[in-house]
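Listed below, chain by chain, are the residues.
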Amino acid sequence: QKTAYEIPKRDWSSDVCSSDLVTTAANSAIQFTVNHADVTANSIVLANIMDYAGSAGLPSLYIDNTTTGSFVVKVQNHHDTNALNGAVKVAYFIL
């Protein structure tokens, strides 16, 4: 097992994906699948929300189901009363 500092840059892959308009109720989640040829079942996917186009809600991000060719992005709304109401742009790195 190597740390991120020990992995050569040529072994990293990165990209950005965006959801369509996200609308979720308070304390709920949506998820979408990201297809990427560099993903394997042993990949580590690091991701962060780059931009949230909405004006309400409190989004956070989870990565799940890393399989060959894809992974699942889950956007959780942690706000107690407001829905998410905009697109979410996610930056991700595949190790």
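Everything discussed here concerns the structure shown above.
Computed from a prediction, not measured in an experiment: that's the story for all the values here.

Under the criterion given, the structure shown has one aromatic pair. Here F71 and Y92 contribute two aromatic rings whose centre-to-centre distance is 5.0 Å and whose plane-to-plane angle is 75°, an arrangement assigned as edge-to-face. Taken together, the residues span a long stretch of sequence, with F71 in strand β6 (residues 70-77) and Y92 in strand β8 (residues 88-94) at a distance of 21 residues. Per residue, the accessibility class of F71 equals that of Y92, and both read buried.

Looking now at the sheet that holds strand β5 (residues 59-67). With antiparallel pairing, three strands are arranged side by side in an open sheet as β3-β6-β5. If you trace the sheet from one side to the other, it starts and ends with β3 (29-35) and β5, each paired once. For this sheet the average axis-to-axis angle between neighbouring strands, irrespective of direction, equals 20°. Examined bridge by bridge, β5 and β6 share seven bridges and lie antiparallel to one another. For P59, the partnering residue across the bridge sits in β6 and is N77.

Time to look at unusual backbone geometry. Both trends apply: most residues other than glycine have a negative phi, and most peptide bonds are in trans. In this structure, N27 is a non-glycine residue whose phi angle is positive, near 55°. Turning to its location among the elements, N27 is positioned in the loop between β2 (22-24) and β3. The partly exposed category is assigned to N27, whose relative accessible area is 45%. A positive phi angle, close to 50°, is found at N65, a residue other than glycine. Along the polypeptide, N65 turns up in strand β5. What makes N65 partly exposed here is its relative accessible area of 47%.

With antiparallel pairing, three strands are arranged side by side in an open sheet as β1-β8-β4. Both outer strands of the open sheet, β1 (13-18) and β4 (45-52), are each paired with one neighbouring strand and no more. Each strand of the sheet is rotated relative to its neighbour by a mean of 20°, with strand direction disregarded.

Glancing now at the environment of T40. Note on placement: T40 falls in the loop between β3 and β4. Distance in space between the C-alpha atoms of T40 and I94 is 9.3 Å, their sequence separation being 54 residues.

Calculation notes
Along each chain, the written sequence defines residue order, and numbers are assigned to residues from 1. Residue-level local features of this predicted model are given only where pLDDT is at least 70; pairs of side-chain atoms are given and counted only at 80 or more, and the full residue set underlies all totals for whole chains, interfaces and linings. Values shown for side chains rest on all heavy atoms present in the structure; no hydrogens or waters enter the calculation. Stacked, edge-to-face and tilted labels apply to pairs of Phe, Tyr and Trp rings (six-membered ring for Trp) whose centres lie within 6.5 Å, assigned for plane angles under 30 degrees, over 60, and everything in between, in that order. A run of H or I in DSSP counts as a helix once it spans at least four residues, and a run of E counts as a strand once it spans at least two, with each numbered from the N terminus. Under the scheme applied here, a residue whose accessible area is under 20% of the maximum for its type counts as buried, over 50% as exposed, and between as partly exposed, the area being computed with a 1.4 Å probe on protein chains only. Two strands are said to pair when DSSP picks up at least two bridges between them. Angles run from 0 to 180 degrees between N-to-C directions of axes, and those axes are lines fitted to C-alpha atoms, restricted for helices to the stretch in contact.

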